[in-house]
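# Residue-level structure breakdown
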Amino acid sequence: MIDLRSDTFTLPTPGMLEAMMKAPVGDDVFGEDPSVNLLESRMAALFNMEAALYCPTGTMSNQIGIKAHTQPGDEVICDQSAHVYVYEGGGIAFNSGSQVRTLEGNLGRITAEQVVNAINPDDVHRARTSLVCLENTSNRGGGSCYDIEEIRRIRKVCDEHGLLLHLDGARLFNALVARKEAAALYGPLFHSISVCLNKGMGCPIGSVLMGSAAFIKKARRIRKVLGGGMRQAGYMAAAGLYALDHHIERLEEDHRHARQIAEALLQTEYVESTLPVSTNIVIASIRAPWKPAQITEMLKAKQILTLPVSSTQIRMVVHLGITPEMAAITANTIRNLIGKDV
Ligand SMILES: *Cc1c(COP(=O)(O)O)cnc(C)c1O
């Protein structure tokens, strides 16, 4: 099977497994796991942030960030398709007692101008706007990346209005590789950043939340409250350390494969269009009378797994489990999926 449903389907490579087996570990709730401590300090240094916290999932690290930055009754601004709003089980309401103001961005990206216009006035009738969440790359935006200049403008608006800025950087490494930007530019632009290691980085689990030392101290307490304080987590953190050394530059290969697959999709009669492909995600709109579920089934019969993501779209996500040969087979299968006699 060629599994393109998500980049969460990656399996640890032999090298990663070996690194995990050899990891020095300790009780991380006591702060004594050397592998977790090393991963946290390396990530903080890489992103030019003071401190970091290893978390079991990206959902938890986003939710911890939002909880640390808000008070119940506050309002959080994000794009309407944001993972923190759409895919975290109502977590902002559940964990933080805050409400969300969604904006209609461009492929998941919002602008500084939209943010300014969404800030509530200081009026007892209105919720206190306290936090802006960005997502880079944007999952529902088809892996789109922010222009860093727009992020700078958004940060300026946040500073002018006393708002905090969180980045859901589940696939931030994909954005950095695609745009050839240094990770160190990103830390100073945000009050917190969450990065997933369980996606294109190829780790079985794990995310890292970064911010100031004071923020991470608060975040560590919230992680414990949520039940996310793990003991010998170093076996997993070692996978993250391995990924930092071996799985960042190779993301470019995933991006190339994604473009190759999108090109094939656009040559078929059952695909109307794709969202612009800038990283490892391809979202294709299926042309009526074909239906996403039908195309997904036909591809599955040819050993290719894809995901219907709306009533008109299917999604394919490329990752380190997809070899150049598998990408070529996928492109060929897509081209020949429906014969001219149908
Ligand atoms: C996958 C993902 C997350 C976190 O997912 P977990 O499965 O909880 O690690 C957060 N944000 C975005 C945009 C994602 O794609």
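Residues numbered from 1 in each chain as written. Predicted model: local features only at pLDDT ≥ 70, side-chain atom pairs only at ≥ 80, totals over all residues. Heavy atoms only, no water.

Once that is clear, we can look at the environment of cysteine 196. Locating cysteine 196 in the fold gives a position in strand β7 (residues 192-196). C-alpha separation for the pair cysteine 196 and valine 271, spaced 75 residues apart in sequence, amounts to 31 Å. Not counting residues within four places of it along the chain, the set of residues in contact with cysteine 196 comprises Gly58, Gly169, Ala170, Met201, Gly206 and Ser207. (Helix = DSSP H or I, 4+ residues; strand = E, 2+ residues; numbered from the N terminus. Contact = heavy atoms within 4.5 Å.)

To continue, consider the domain arrangement of the protein. Considered domain by domain, the protein is made up of domain 1 (11-246) and domain 2 (250-335). Centre-to-centre separation of domain 1 and domain 2, based on C-alpha positions: 28 Å. Of all residues in domain 1, Arg140, Gly142 and Asn174 give up the largest surface area on contact with domain 2, accounting jointly for 31% of the area buried on that side. For the pair domain 1 and domain 2, the number of links is zero salt bridges. Counting across the domain 1 and domain 2 interface gives five residue pairs in polar contact (both at pLDDT 80 or more). Looking at the side of domain 1 that touches domain 2 element by element, the count peaks at five residues for helix α8 (residues 172-179). The residue inventory of the side of domain 1 that touches domain 2, partitioned by class, reads eight nonpolar, 11 polar and two charged. (Domains from an automatic or database assignment. Buried area = accessible area lost by both parts, 1.4 Å probe. Salt bridge = Lys/Arg side-chain N within 4 Å of Asp/Glu carboxyl O. Polar contact = N/O pair within 3.5 Å; in protein donor to acceptor, adjacent residues only side chain to side chain. Nonpolar A, V, L, I, M, F, W, Y, C, P; charged D, E, K, R; others polar.)

This part covers a nonpolar patch on the surface. Side chains of Tyr85, Val86 and Tyr87 sit close together on the surface and give an oily, nonpolar patch of about 270 Å² of accessible area. Along the chain, tyrosine 85 turns up in helix α4 (residues 83-86). You can call tyrosine 85 partly exposed: its relative accessible area is 41%. (Patch = residues over 30% accessible without salt bridge, like charges linked within 9 Å, V, L, I, M, F, W, Y side chains within 5 Å. Areas by Shrake-Rupley, 256 points an atom, 1.4 Å probe, with all protein chains shown as cover. Buried < 20%, exposed > 50% of the residue type's maximum accessible area, 1.4 Å probe, protein only.)

This part is about the nonpolar core. Soluble globular proteins tend to pack their nonpolar side chains together in the buried interior. Of all hydrophobic cores here, the largest spans 54 residues; its most connected members are Phe47, Val132, Leu134, Phe173, Tyr186 and Phe190. When residues in this core are grouped by element, the largest group, six residues, is from helix α10 (residues 234-246). If near-sequence neighbours (up to four positions away) are discounted, phenylalanine 173 is found in contact with Met43, Leu46, Phe47, Val195, Met201, Leu244, Ile248 and Leu251. The next biggest cluster of nonpolar side chains, apart from the first, holds 26 residues, and it includes Ala264, Val271, Val282 and Val318. (Core = buried A, V, L, I, M, F, W, Y, C linked by side-chain atoms within 4.5 Å.)

What the rule picks out here adds up to 16 salt bridges. Here arginine 5 and aspartate 3 are joined by a salt bridge, their closest N and O atoms 2.6 Å apart. Between glutamate 149 and arginine 152 there is a salt bridge whose closest N-O contact spans 2.7 Å. Taken together, the residues span about one helical turn, with glutamate 149 and arginine 152 both in helix α7 (residues 148-161) at a distance of three residues. With a relative accessible area of 37%, glutamate 149 lands in the partly exposed category. A relative accessible area of 34% means that arginine 152 is categorised as partly exposed.

This next bit is on the site of the ligand. Taken together, 14 residues form the shell around the ligand, and within it Gly58, Thr59, Asp168, Arg171 and Lys199 come nearest. Contact distances for the ligand include 2.6 Å between an oxygen atom and a side-chain N or O atom of threonine 59. Compared with its free state, where it exposes 380 Å², the ligand has 87% of that area covered by protein. Take the shell around the ligand: its biggest share by element is three residues, from helix α3 (residues 58-69). Looking at the shell around the ligand residue by residue, the classes come out as two nonpolar, seven polar and five charged. (Near = heavy atom within 4 Å.)

A word on the packing of aromatic side chains. Enumeration according to the criterion identifies three aromatic pairs in this entry. Seen from their ring centres, tyrosine 270 and tryptophan 290 are 6.4 Å apart, and the 70 degrees between their planes marks the pair as edge-to-face. Pair noted here: tyrosine 270 is in the loop between α11 (251-266) and β9 (271-274) and tryptophan 290 is in the loop between β10 (281-286) and α12 (292-301), with a separation of 20 residues, a long-range link. Each member of the pair, tyrosine 270 as well as tryptophan 290, carries the same accessibility label: buried. (Phe/Tyr/Trp six-rings, centres within 6.5 Å; stacked < 30°, edge-to-face > 60°.)

Its location among the elements puts threonine 10 in the loop between β1 (2-3) and α1 (14-21). Those residues in contact with threonine 10 that lie beyond four places of it in its chain are Asn198, Lys199, Gly202, Cys203, His319 and Leu320.

Let's shift gears to the environment of threonine 59. One can find threonine 59 in helix α3. In the structure, threonine 59 is positioned 57 residues away from valine 116 in sequence and 27 Å away in space, judged by C-alpha atoms.

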